[in-house]
Amino acid sequence: MADRFDRVGAVALIACLAVASQFMGDYHLALLTQITIFALSAMGLNMLLGNTGMISIAHAAFMGVGAFSSAYLIQNLGLPALAAILLAGLITSVVGMVFGLPSLRLKGVYLAMASFAAQIILYWAFEQSRWLTGGQDGRFAERPVMLGISFMDSHRFYLLALAIAVLGAVANLNIERSRLGRAFNAVRDRSQAAEMMGVNVFRTKMASFGLATFYAGVAGALFGQYLEFVAIQAFSLSVSIQFLALVIIGGLGSLAGSVLGAAFIVLVPEILDTTILMFSHNTGEMAPIRLGVFGLIVVVFLLFEPQGLARAWNRTRQWALNHTGKGSQTRS
Amino acid sequence: MDYFLGLIINGIVVGSIYSMVALGLVLIYKATEVVNFAQGELLMIGAYICLEIIHVTGMPFLVSFLMTMGFMVILALAIERLVLRRMMGAHALAVIMATIGIGIILRAVVLGVWGATSIPFPEVFPRQGIDLGVVTVSQLYLWSFILSLAFMAMFGAFFKFTRVGLVMRATASSRKAAESMGVPLTKIFAIAWIISAVVSGVGGVLTGNIAGLSPELSFYGVKVFPAVILGGLDSIVGATISGVIIGVLENLGGGYLKDLTGLHGLGPVAPFFILVAILWVRPTGLFGRKDIEKL
């Protein structure tokens, strides 16, 4: 009952977004597009962090790999956009798995450090590879033409991003229910027991890395095209940390969490900015306040709502369901 | 040859600061099994606080330095009491994220109060060189080296000869056994955080002296990670030695690899290549215990 309710709700939400976006002004559309792309990227990280229990402090760097390689494939090699985006995802996936290799023997804090090093090394590589990234100047990324349809227009581009994000979400849900998805959870909860049950732990971890970074690569490619310009600063350590925070604030191992977290991480700074502007016109104060509030939110969520927004949302929904009398079965 | 020696000495000096900060990181890890990702920001805030005390009170460096240590103690207590103690027994990922969150808040404070531009540190130790026979070393470097050695010796003695040090070592070797013998764990955790924050503060003041103050200082703290992984995350001796190794390698890398490979900025990144390599080959590091964090 609740499952069907969810499915109907999700379809209705997507339809609403698709229609409403076409009537939005540029500002709101930009926010919505960013949320959509971030959500897609977060789904990957959430699979790694929430479902498989492996931390990655390099998610933004992987998005960068996707963004730059797709721009290179389209502009320098003349590949069709759709192929380039997919190929960018695969390239990112390979890079991700190379840095995931130490996970064969590592977990917890060691893995955190390995991915931390990956972030710093990749960022440095971006700075060095002028042929690929344009160095400090960045490079242009054009909006794609796919199957004869041009997505130059922002409203149309949003539909493309939405479609890809929905595909990603459906794939995410199906993977979760598959053998591989169960293996992810088994590795997260008891890797030794999982191994004894016949789960190939290393291969499962690699698959998780590969999938997570594939999402990052595709989302990165879209992000670059959405901005029409890719600068290496967009993929720095602090952005990686933002993505970690996004997943934790949203809710570990939950698709709704990825989406809610993305909305949160994009909207809260905007709301903060408007609030600060009401009290002071000194825009120089904005960045530190934004940053400080962001840090506080992360800590507060960890202390008081470690399950994230997804659980808070579930509670609210349950309450609503109970009070409208539609379904009284409890489902956490 | 002079160039080579200069790089080595520079590396040893910067490395000794890494060693000291690495000591703090290892200490927290041993006592509480928390890896403090805010170590770099603790280092940064220590440097800024010291500068502010000098500017506001106009006191001599030594007094300001001691007051900075006092501030670091209070900060450590606040962090431990308000956040980390409540997260005891939480998942490693959550704890890592919490320390990252604390780091972000500290960074925001620095950006808000002092801004992002680089500020020179008032000259405490003259940069003038002293002739040591073979090479000339800047007094600033010499003092930094001596101070970090002194701090490390002090903490070494503390662990070896005092009762609290003994209890801390007991807690590190087996938390459960220590707890059942009546060791007040929360107190031990608090002390571990205090020591870690103080060494970071000292590290911050010294690096601030050498490199000037900017939010980039926190990156120095981050470079302690390769050092602790090289030495073994749970080895104090390892941290001390490999801090210096990383410092030297970084300087040699910055000095020579640029001409060899034509790549810029390889120095600061080189330690992280080492980090990844060690995690591939020998995750327990040079001195670490074998049985930790395996599959």
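About the thresholds
Position labels on residues start from 1 in each chain and follow its written sequence. Both sets of labels track the order of writing: A upward for chains, 1 upward for ligands. With pLDDT at 70 or above as the cut-off, local features in this predicted model cover only qualifying residues; side-chain atom pairs require 80 or more to be listed or tallied, and sums for whole chains, interfaces and linings still use all residues. Every helix listed is a DSSP run of H or I at least four residues long, and every strand listed is a run of E at least two residues long, numbered separately from the N terminus. Every radius of gyration here is taken over C-alpha atoms, with the globule rule written as 2.2 Å times N^0.38, N being the number of residues. With C-beta atoms placed from the backbone, a residue counts as buried when 20 or more other C-beta atoms lie within 10 Å of its own, as exposed when 12 or fewer do, and as partly exposed for counts between those limits. Two residues qualify as being in contact provided that their C-beta atoms, derived from the backbone, are within 7 Å of each other. Basically, the charged four are Asp, Glu, Lys and Arg, the nonpolar ten are Ala, Val, Leu, Ile, Met, Phe, Trp, Tyr, Cys and Pro, and anything else, Gly included, counts as polar. Scored from 0 to 100, pLDDT reflects the predictor's confidence in each residue. Each axis is a line fitted through C-alpha atoms, taken for helices only over the stretch in contact, and angles between the N-to-C directions span 0 to 180 degrees. Every angle not falling under 35 degrees, over 145, or within 65 to 115 is termed oblique; those three ranges are roughly parallel, roughly antiparallel and roughly perpendicular. The crossing is said to be left-handed when, going from far helix to near helix, the turn is anticlockwise and less than a right angle, and right-handed when the turn is clockwise.

1. A word on the overall build of chain B
Item 1. What chain B contains, in helices and strands, is 12 helices and two strands.
Item 2. Scaling as 2.2 N^0.38, a compact globule of 295 residues should have a C-alpha radius of gyration of about 19 Å, and chain B matches this with 19 Å.
Item 3. Once the C-alpha set of chain B is aligned to its principal axes, its extents read approximately 55 × 50 × 35 Å.
Item 4. Out of the 295 residues in chain B, the part that is buried amounts to 50%.
Item 5. Contacts spanning at least 24 positions in sequence make up 73% of the contacts within chain B whose residues lie at least 6 apart.

2. Overview of the interface of chain B and chain A
Item 1. Between chain B and chain A, the contact holds 36 residues from the first and 38 residues from the second.
Item 2. Mapped onto the side of chain B that touches chain A, the elements with two or more residues apiece are α4 (92-114), α10 (224-231) and α12 (266-281) of chain B.
Item 3. Of the residues that constitute the side of chain B that touches chain A, the class distribution is 28 nonpolar, four polar and four charged.

3. Let's talk about α10 of chain B
All names here are of chain B.
Item 1. Taking burial as the measure, the eight residues of α10 include eight buried ones, the bulk of the element.
Item 2. Those residues of α10 that fall on the buried side of the exposure criterion are Val224, Phe225, Pro226, Ala227, Val228, Ile229, Leu230 and Gly231.
Item 3. Positive phi shows up at Gly232, right after α10, with a value of about 105°.

4. Thoughts on the confidence of the model for chain A
As a note on interpretation, predicted positions should not be read in detail where pLDDT is low.
Residues and elements named next belong to chain A.
Item 1. Averaged over every residue, the pLDDT of chain A is 84; the share at 70 or more is 94%.
Item 2. Averaged over each element, pLDDT in chain A is lowest for strand β2 (residues 145-146) (74) and highest for helix α3 (residues 59-75) (92).
Item 3. Counting interchain partners and residues more than four positions distant, the pLDDT-below-50 stretch residues 327-332 has 10 contacts.

5. Focus on the confidence of the model for chain B
Item 1. For chain B, mean pLDDT is 83; residues scoring 70 or higher make up 94% of the total.
Item 2. Across the assembled chains, the prediction reports ipTM 0.82 with pTM 0.86.

6. Observations concerning the packing of helix α5 (residues 108-128) of chain A against α12 of chain B
Item 1. Between α5 of chain A and α12 of chain B, the shortest axis-to-axis distance is 9 Å and the interhelical angle comes to 140°. Looking at the two axes, α5 of chain A sits oblique to α12 of chain B. Here the hand of the crossing between α5 of chain A and α12 of chain B comes out left-handed. On α12 of chain B, the residues touching Tyr110, Met113, Ala114, Ala117, Ile120, Ile121 and Trp124 of chain A of α5 of chain A are Val269, Phe272, Phe273, Leu275, Val276 and Leu279 of chain B.
Item 2. Considered class by class, the residues forming the contact of α5 of chain A with α12 of chain B number 13 nonpolar, no polar and no charged.

7. Looking at unusual backbone geometry
Residues and elements named next belong to chain A.
Item 1. Although it is not a glycine, Glu228 adopts a positive phi angle of roughly 65°.
Item 2. Here Glu228 lies in the loop between α10 (201-227) and β4 (229-230).
Item 3. Glu228 gets classed as partly exposed once you count the C-beta atoms within 10 Å, which come to 13.

8. A short note on the packing of helix α4 (residues 81-100) of chain A against α10 of chain A
All names here are of chain A.
Item 1. Interhelical geometry of α4 versus α10 gives an angle of 140° and a closest axis separation of 7 Å. When the axis of α4 is compared with that of α10, the two are oblique. Here the hand of the crossing between α4 and α10 comes out right-handed. Contact with α4, carried on its side by Ile85, Ala88, Gly89, Leu90, Ile91, Thr92, Ser93, Val95, Gly96, Met97 and Gly100, involves Lys205, Met206, Phe209, Gly210, Ala212, Thr213, Phe214, Ala216, Gly217, Val218, Gly220 and Ala221 of α10 and no other residues of that element.
Item 2. Looking at the contact of α4 with α10 residue by residue, the class counts come to 13 nonpolar, nine polar and one charged.

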